[in-house]
Amino acid sequence: MRFSLRNFVTPSISLSVFMFTVITLIWLLPFLAGFTHNVDFHPTFLGSLILPHTTTDLQAWVASFILVLLNAFIILRIDNSFNVTRKRTSLPFYIYFFLLSCWAGVYSSPIIHISTTFYLLSVSVLMATYHNRKAVEAAYLFGLLFSCASLFIYEILLLIPFFWLLFYLLKSISLKIILASAFGLATSWMTLFSLVYLLQDIDGVNALLTSLNELRFKFVLLDIPLLIYAVLMLLIVGILIFGVSTDYRNNSVQNRKYLSSHVLLFCLFAAVMIFISESLFLLMPFISVHICFLASYNFVTHPTKSNATLFTLLIVVNFLLLLYTYLPNLQ
């Protein structure tokens, strides 16, 4: 049967089951085969309290798998609620699920996926504030959810000023909105500091403050294969962004704002991954959120031969990364 991108845009039940099974096997086979891929990173203060409760690789793997599925469903819900791809499709779910399956560094890191869940919920609340300068409660909830995500991954704290820019982009900026989101951002951190002080005294507070020192400039140096992968992915996403920009006139003003937000957030996360993050894989689930929206929009609205080629390239490049990750186990 001739390959057609349209089959993946609106997959049949059999194709959906096949894709879900294949991606699940990608997650499962390395674990069953005893392949390992350990990534060193320093968890945040709260993360270090949670990590001991995932005492085995199996527990961490199961928790990560369930959270990735949950996040994929949230992405699908966001797409259906805000009509980002302009068509009912399950493609955002499968693209996110596939990307995370190829990044072995996130297989046993449930903390990262918990943070991504809060981040996705905050993005959903943010998108719902479009053209509503009186959405004070939503702005507070956005700040609260976003700050909960930052408790597990400090790097996303650097994006806070840009999210206030997104309020402006979505035509919902006002002094009340800014103050409400700021109070929301402060709430979870004030709660954490208060609980730490009550349960661990001043030593716990000092340990929490010390953990924040991990957030600093760290330019990432990649080996040649990973550098090639990064360049290819930037090229693919660059083409996706170009495809979105050339199709702006066919979108409503609201949808243009949503797409522009995903482009901006992708660029910001890419910059943080390169210049700030201790480990690239820490932010991969976050950046993949915006990749899957941009990819889904292009593939759904224009299922052409060129996009079919790009779709194939996206799959091949990430699958090769997975093979490279486990190459030491095959030798």
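Now for a description of the structure that goes with this document.

Calculation notes
What you see as residue numbers is a count from 1 along each chain, following the sequence as written. Since the coordinates come from a predicted model, pLDDT governs what is reported: local features require at least 70, and pairs of side-chain atoms require 80 or more to be given and counted, while whole-chain, interface and lining totals use all residues. Side-chain metrics rest on all non-hydrogen atoms present in the structure, leaving aside hydrogens and water. Helix numbering and strand numbering both begin at the N terminus, where a helix is a DSSP run of H or I of at least 4 residues and a strand a DSSP run of E of at least 2. Throughout, radius of gyration means the C-alpha value; the globule benchmark is 2.2 Å times the number of residues raised to the power 0.38. Each residue is assigned to one of three classes by its accessible area relative to the maximum for its type, calculated with a 1.4 Å probe on protein chains only: buried under 20%, partly exposed between the two thresholds, exposed over 50%. Contacts are assigned to residue pairs that have any heavy atoms within 4.5 Å of one another. The Shrake-Rupley method, run with a 1.4 Å probe sphere, supplies the accessible areas, and residue values consider only the shown protein chains as cover. Axis lines are fitted to C-alpha atoms, over the contacting stretch for helices. Their N-to-C directions set the angle, which ranges from 0 to 180 degrees. What sets the label is the angle itself: under 35 degrees gives roughly parallel, over 145 gives roughly antiparallel, 65 to 115 gives roughly perpendicular, and the rest give oblique. Each crossing is labelled by how the near helix is turned from the far one, with a counterclockwise turn of less than a right angle marking it left-handed and a clockwise turn marking it right-handed. Under the convention adopted here, Pro, Cys and the residues Ala, Val, Leu, Ile, Met, Phe, Trp and Tyr are nonpolar, Asp, Glu, Lys and Arg are charged, and Gly plus all remaining residues are polar. The disulfide definition used here is simple: a pair of cysteine sulfur atoms within 2.5 Å. In plain words, nonpolar cores are sets of buried Ala, Val, Leu, Ile, Met, Phe, Trp, Tyr and Cys residues tied together by side-chain atoms within 4.5 Å. Salt bridge criterion: a side-chain nitrogen from Lys or Arg within 4 Å of a carboxyl oxygen from Asp or Glu. Here the term cavity refers to a set of points on a 1 Å grid, laid over the protein atoms alone, in which a 1.4 Å probe fits but cannot get out; the term pocket refers to an open set having protein on both sides within 12 Å along at least five of seven lines, with lining residues being those that place an atom within 4 Å of a point. Grid points are joined across faces, edges and corners, and a volume is the space filled by probe spheres set on the points.

Okay, the overall build of the chain next. On a plain count of helices and strands, the chain comes out with 14 helices and zero strands. In the chain, the succession of α and β elements from N to C terminus is α-α-α-α-α-α-α-α-α-α-α-α-α-α. In terms of overall size, the chain behaves like a compact globule, its C-alpha atoms giving a radius of gyration of 20 Å where 331 residues would be expected to give roughly 20 Å. The burial tally for the chain puts 50% of its 331 residues in the buried class. A separation of at least 24 residues holds for 81% of the contacts in the chain among residues at least 6 apart in sequence. Roughly 15800 Å² of accessible area belongs to the chain as shown, and the carbon and sulfur atoms make up 69% of that amount.

Geometry of a packed helix pair, given as the angle between the helix axes and the separation of the axes. Axis separation between helix α10 (residues 224–246) and helix α11 (residues 253–275) bottoms out at 11 Å; the angle between their running directions is 160°. As judged from the angle between their axes, α10 and α11 are roughly antiparallel. As for the relative orientation of α10 and α11, their crossing is left-handed in sense. Within the contact between the two elements, α10 uses Leu234, Val237, Ile241 and Val244 and α11 uses Leu259, Val263 and Phe266. Considered class by class, the residues forming the contact of α10 with α11 number seven nonpolar, no polar and no charged.

Turning next to the state of the cysteines. Two cysteines joined by a covalent bond between their sulfur atoms form a disulfide. Inspection of every chain in the model, using the stated rule, returns zero disulfides. Free cysteine Cys102: the closest other cysteine sulfur is in Cys292, separated by 14 Å. You can call Cys102 buried: its relative accessible area is 0%. Here Cys267 is not cross-linked by a disulfide; its sulfur's nearest cysteine counterpart is in Cys292, at 16 Å.

What follows covers the nonpolar core. Ranked by internal contacts, the top residues of the largest apolar core, which has 109 residues, are Trp27, Trp103, Tyr119, Phe146, Phe163 and Phe299. The biggest single contributor to this core is helix α12 (residues 284–301), with 12 residues.

The backbone of Arg86 shows a phi angle near 65°, a positive value even though the residue is not glycine. Within the secondary structure layout, Arg86 lies in the loop between α4 (57–82) and α5 (91–102). With a relative accessible area of 35%, Arg86 lands in the partly exposed category. Positive phi outside glycine occurs at Lys171, with the angle close to 60°.

Attention now moves to the pattern of salt bridges. One pass over the full model with this rule turns up one salt bridge. The salt bridge involving Asp247 is made with Arg86; its shortest N-O contact spans 3.4 Å. Highlighted residues: Asp247 in the loop between α10 and α11 and Arg86 in the loop between α4 and α5, separated in sequence by 161 residues.

Moving on, we come to empty space enclosed by the protein. Considering all chains together, one arrives at two cavities of 30 Å³ or more under this definition. Lining the second largest cavity we find Val123, Leu126, Met127, Leu166, Tyr258, Ser261, His262 and Leu265. Of all elements in the fold, only α6 (110–127) and α11 reach the threshold of two or more residues within the lining of the second largest cavity. Looking at the lining of the second largest cavity, the element that brings in the most residues is α11, giving four residues. In terms of residue class, the lining of the second largest cavity is made up of six nonpolar, two polar and no charged.

Right, let's talk about the layout of surface pockets for a bit. There is about 390 Å³ of room inside the second largest pocket. In terms of lining residues, the second largest pocket is bounded by 18 residues, among which Phe8, Met19, Phe98, Phe311 and Ile315 are the most central. Of the residues that constitute the lining of the second largest pocket, the class distribution is 17 nonpolar, one polar and no charged.

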